[in-house]
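A look at the structure
Spelled out from the first residue to the last, the chains are:
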Amino acid sequence: MLPFFSLHSDELFYSACARYHIWSRNTSQQQTFKDLFGGERGAASIDFPNGLNFFCKQLPGDAHTPEQIIEKHTLYPFFRPFLPKTRADKVIQMMINGSEGKKGVIHYVLGVVASTVKNPEFLRFCPRCINEDHERVGEAYWHRHHQLPGIFACIFHKCRLVDSAIRFSSDRSIQAFEDITRVLEKSDYSHENHDISDSEWEMTKSIYWILENGVPNFPEEVLERKYYSELALKGFLTAGGNVRQHIVNHLHAHYGSELLERIGCSVIQTDHNWLAKMLRGSPAHPLRHILLMNCLNVTPEKFFYNEDIYHPFGKGPWACLNPAANHYKEKVIVDCEITACFKTRKPVGTFKCTCGFTFARLGPDQDEADVYRIGRIKEFGSVWLEKLTKMKREKTSNAKIATILNVDRRTVKKQFDKLNGISEDPFHDEIASESILKKYRAHWLSTMRANPSKSKNEIRKIASREFIWLYRNDRQWLDQNSPKLLCRDKYGGDNRVDWIKRDKELAEEISCAAKELLMSIQKPIRVTQYTLGKLIGKTGLVQNNLEKLPRTKYMISLYTETVEDFQIRRVKYVAEQLRLNGEKMNRSSIIRIAGLGLSFSEEVSNEIFNQLNQ
């Protein structure tokens, strides 16, 4: 039972544990860790503590629950909205029940270890908060929101945060609870700096809002839909649904390259930058979501809880513009298909009514008048045509019909002629003519006889009209009475491939190429059938003819790397590079630089261990 333990408003759980260490007068950090979490050994976690269920059972009564501590005194609520539900639930369970002694596993699950977003280098504090906390509760403490990446100032005082001497690390190798009072004894915190840029303050407010407002996790497809809606509203989305590349320039203009570099969020104009990946649904650090929201001038509150979806033609239903229908100009259309204009790439809306009337117009709609604008009529429909027929029977003039049906006189004539089987297409009239059929067949055959050495395509150019007519109306006859395709030897003449000789030569080339890849001191490239073929410049031959090349096939199978083999080689390469550069090497740095992701085999893990112990 813990006789005393308190948590203040906006206090980091780590801070309360550090205070307990002082109050308990324990002589070692291990004893404090055992008091709080029941373990003999462990590392103090600043951001995502685990084993909270055991901890809460040591408290008198129902002072705190694991869920309350996670929600109000850890950094988890900032990450939750952007996590898939299964991963969010997994993190919660590990924080409550412990991570089975696996150091840093929560950070791996959250993707923090692999991310290039930079955590604060040190624990931070606000000078004014120190004084006010002393006056309000009698002691200073580490504030939760001060420790989040992307927060530059205290939300309460708009005062730039001050670095302490305590390093912030999500992979702490030394178990230590450091109370803020010990730090303040060695720090000068009398000076307040209020020089905060608009972008920094904007990010600080957004992050704090998410941290404090219990935002649930949103499925990836919902986040993607919300982003694309905002992008469309701001003009960063094409009618075809693609993100315009100048969003990257806009991001740099909004924040400045220096700020983006400082927080590990630089973005370059490629299809594989973090912004492009995030918009394709790939997981991303919460700070990057904040950057995009603020860049699009949308607050987190509006982003998460505003259900308005952008539509270039407004929300349906839309008005039917069929003058012959009794629902003319009434909003009864529910079917609107959006495509992109081939020339301008602007949105084109195609509206199809149940009366059969289908029309399209170029968007987006700018005002209410656009709602009743037709760009092009695609289908008139039965209702419109019946009205036309009725007025024609009543001897109504074409001019009057055109006015009533809101078309020109030529359209009236054309549609009425079409109803009566009169066509303007000469080919259509000729289909029924047996004499035309005989005429075109005879001309095609005579052209072939006059040009016996020419191919079908060459004769087609000579007798193009006959070819088009026969292709449309008598295709089977045309295929049977056209020059046959010539079967040509791919390699010309009677040249035969000596596959035995070629196999021997290729096998030797493959062996040399594989050794070159495996012995290279450059960044590793995985040895596969494709990379070997590409390296020797014979990709097609290697890909398509292996059954004729048994030696080559064996050599490829001998050198081809599995994913696990390639991961182990990457680990060795990264470790060697870190040693050569004299850089600090630990497990997390190897995993991040080698790009191993969240999960890998035990053999890869053993290789990391071996490299760390060399």
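Cut-off values and rules
- Every residue gets a number counted from 1 within its own chain, in the order that chain's sequence is written.
- Under the rules for a predicted model, residues below a pLDDT of 70 receive no local features and side-chain atom pairs below 80 are neither given nor counted, while totals for whole chains, interfaces and linings still include all residues.
- Note that water and hydrogens are dropped before the side-chain values are worked out from all heavy atoms of the structure.
- For helices the rule is a DSSP run of H or I covering at least 4 residues; for strands it is a run of E covering at least 2, with both sets numbered from the N terminus onward.
- Throughout this description, buried means an accessible area under 20% of the type-specific maximum (1.4 Å probe, protein chains only), exposed means over 50%, and partly exposed covers the range between.
- Any two residues having at least one pair of non-hydrogen atoms within 4.5 Å are treated as being in contact.
- Any pair of cysteine sulfurs within 2.5 Å is marked as a disulfide.
- Only the contacting stretch of a helix is used when fitting its axis, a line to C-alpha atoms as for every element, and angles between N-to-C directions run 0 to 180 degrees.
- In this scheme, roughly parallel covers angles under 35 degrees and roughly antiparallel covers those over 145, while 65 to 115 is roughly perpendicular and the rest are oblique.
- Less than a right angle of anticlockwise turn of the near helix away from the far helix marks a crossing as left-handed, whereas a clockwise turn marks it as right-handed.
- Residue classes follow a fixed rule: Ala, Val, Leu, Ile, Met, Phe, Trp, Tyr, Cys and Pro count as nonpolar, while Asp, Glu, Lys and Arg count as charged, and any other residue, Gly among them, counts as polar.
- Each salt bridge in this description consists of a side-chain nitrogen of Lys or Arg and a carboxyl oxygen of Asp or Glu lying within 4 Å of one another.
- Only buried residues count toward a nonpolar core, which is a set of Ala, Val, Leu, Ile, Met, Phe, Trp, Tyr and Cys residues joined through side-chain atoms within 4.5 Å.
- A score between 0 and 100, pLDDT records how confident the predictor is in each residue.
- Read the arc as the range of directions from the helix axis to the C-beta atoms.
- Centres within 6.5 Å are what make two rings of Phe, Tyr or Trp a pair, Trp counting through its six-membered ring; a difference in plane orientation under 30 degrees is then read as stacked, over 60 as edge-to-face, and the rest as tilted.
- A pair of strands is considered paired only if DSSP assigns at least 2 bridges between the two.
- Here a polar contact means two N or O atoms within 3.5 Å. Within protein one must be a hydrogen donor candidate and the other an acceptor candidate, and residues neighboring in sequence count only if both atoms are side-chain atoms.

Quick word on the overall build of the chain
Each helix and strand in the chain was counted, giving 31 helices and 8 strands. Once the C-alpha set of the chain is aligned to its principal axes, its extents read approximately 110 × 80 × 45 Å. Per-residue burial for the chain yields a buried fraction of 45% across its 614 residues. Counting only contacts in the chain whose residues sit at least 6 apart along the sequence, the fraction spanning at least 24 positions is 62%.

Things to note about the state of the cysteines
In the structure shown here, the tally under the stated rule is 0 disulfides. Sulfur of C129: no disulfide; nearest cysteine sulfur belongs to C154 and is 3.5 Å away. Assessed through its relative accessible area of 0%, C154 is described here as buried.

Some thoughts on the side chain of D370
With respect to the element layout, D370 can be found in the loop between strand 7 (358–362) and strand 8 (376–379). Relative accessible area serves as the criterion here: at 13%, D370 is assigned to the buried category.

Considering the packing of helix 25 (residues 499–519) against helix 28 (residues 550–559)
Here helix 25 crosses helix 28 at 15 degrees, and the two axes come no closer than 7 Å. Relative to helix 28, helix 25 is oriented roughly parallel. Helix 28 is crossed by helix 25, and the crossing has right-handed handedness. Across from D503, K504, L506, A507, I510, S511, A514, K515 and L518 in helix 25, the residues of helix 28 making contact are P550, R551, T552, M555, I556 and Y559. Its residues assigned to classes, the contact of helix 25 with helix 28 shows 9 nonpolar, 2 polar and 4 charged.

Focus on the pattern of salt bridges
Opposite charge on two side chains allows them to pair when their charged atoms are near. Evaluation of the coordinates by the stated rule reveals 20 salt bridges. Across the salt bridge formed by R136 and D133, the nearest N and O atoms sit 3.0 Å from each other. Here R136 and its partner D133 are both found in helix 8 (residues 127–137), 3 residues apart, which amounts to about one turn of the helix. The class for R136 is partly exposed, based on a relative accessible area of 48%. Among the salt bridges present, the one from E200 reaches R262, with a minimum N-O distance of 3.2 Å. Of the two residues, E200 is situated in helix 10 (residues 198–212) and R262 in helix 13 (residues 257–262); the sequence distance between them amounts to 62 residues.

What about the nonpolar core?
If you look at the biggest cluster of nonpolar residues, it comprises 96 residues, and the most contacted ones within it are F5, F55 and F304. Apart from the residues within four sequence positions on either side, F55 is in contact with L2, F5, F13, L36, F37 and I69. Listed in part, the 23 residues of the second largest apolar core include C336, C355, F359 and I401.

Details of the confidence of the model for the chain
A residue-level look at the chain finds 91% of positions with pLDDT of 70 or above and a mean pLDDT of 85. Taken together, the stretch residues 423–432 has pLDDT below 50 and engages in 12 contacts with residues farther than four places along the chain or on a different chain.

Section: the packing of helix 12 (residues 247–255) against helix 15 (residues 286–295)
Contact geometry for helix 12 and helix 15: axes closest at 10 Å, N-to-C directions at 90 degrees. When the interaxial angle is binned, helix 12 and helix 15 end up roughly perpendicular. Residues H250, L251, H254 and Y255 of helix 12 pack against I290, L291, N294 and C295 of helix 15.

Examining helix 4 (residues 66–73)
Turning to helix 4, its buried residues are P66, I69, I70 and H73. Viewed along the axis of helix 4, the buried residues span an arc of 115 degrees, placing them on a single side of the element. In this structure, the buried residues of helix 4 make contact with helix 1 (13–24), helix 3 (52–57), helix 5 (76–79) and helix 6 (85–97).

A look at the packing of aromatic side chains
The relative placement of two aromatic rings is captured by the distance of their centres and the angle of their planes. Going through the model one piece at a time under the given rule, you end up with 21 aromatic pairs. Centroid distance F13 to F55: 5.0 Å. Interplanar angle 85 degrees. Geometry classified as edge-to-face. Note that F13 is positioned in helix 1 and F55 in helix 3, a separation of 42 residues in sequence. We note that F13, like F55, is buried. Ring geometry for Y440 versus W469: centroids 5.3 Å apart, planes at 70 degrees, classification edge-to-face.

Thoughts on the sheet that holds strand 8
The 4 strands are arranged 5-6-7-8 in an open sheet whose pairing can be described as antiparallel. At either end of the open sheet lies a strand with only one pairing partner, and these are strand 5 (335–340) and strand 8. Across the sheet, the axes of successive neighbouring strands diverge by a mean angle of 25 degrees, strand direction being ignored. In the sheet, strand 7 pairs with strand 8 via 3 bridges, with the strands oriented antiparallel. Residue T358 lies in a different strand from strand 8, and its bridge partner there is E379.

Regarding the pairing of strand 6 (residues 347–352)
Taking burial as the measure, the 6 residues of strand 6 include 5 buried ones, the bulk of the element. In this sheet, strand 6 lies alongside strand 5 in antiparallel orientation, the contact comprising 6 bridges. Within the sheet, the bridge partner assigned to C336 lies in strand 6 and is F351. As defined by bridge partners, strand 6 adjoins strand 7 across 5 bridges and the pair is classed as antiparallel.

Topic: unusual backbone geometry
Residue P317 follows G316 across a cis peptide bond; omega there is 0 degrees. Phi at R25 is positive, roughly 60 degrees, even though this residue is not glycine. With respect to the helices and strands, R25 occurs in the loop between helix 1 and helix 2 (29–37). By relative accessible area, which is 74% here, R25 ends up exposed. Located in the positive-phi region is N297, a residue other than glycine, with phi close to 60 degrees.

Points about the environment of H252
Relative to the elements of secondary structure, H252 occurs in helix 12. Engagement of the side chain of H252 in a polar contact is seen with the side chain of S257, the distance being 3.0 Å.

With respect to the environment of M293
Assignment of secondary structure puts M293 in helix 15. What makes M293 buried here is its relative accessible area of 1%. Expressed as a C-alpha distance, the spacing of M293 and L231, which sit 62 residues apart in the sequence, is 9.8 Å. Residues contacting M293, with those up to four places away along its chain left out, are F82, Y227, V298, P300, F303 and F304.

Some points on helix 28
Turning to helix 28, its buried residues are T552, M555, I556 and Y559. Mapping the buried residues of helix 28 onto a view down its axis gives an arc of 100 degrees, with all of them on the same face. Projecting away from the buried face of helix 28 at angles above 90 degrees are the exposed residues P550 and Y554. Tucked into the core, helix 28 has its buried residues touching helix 25, helix 26 (529–535) and helix 27 (539–544).

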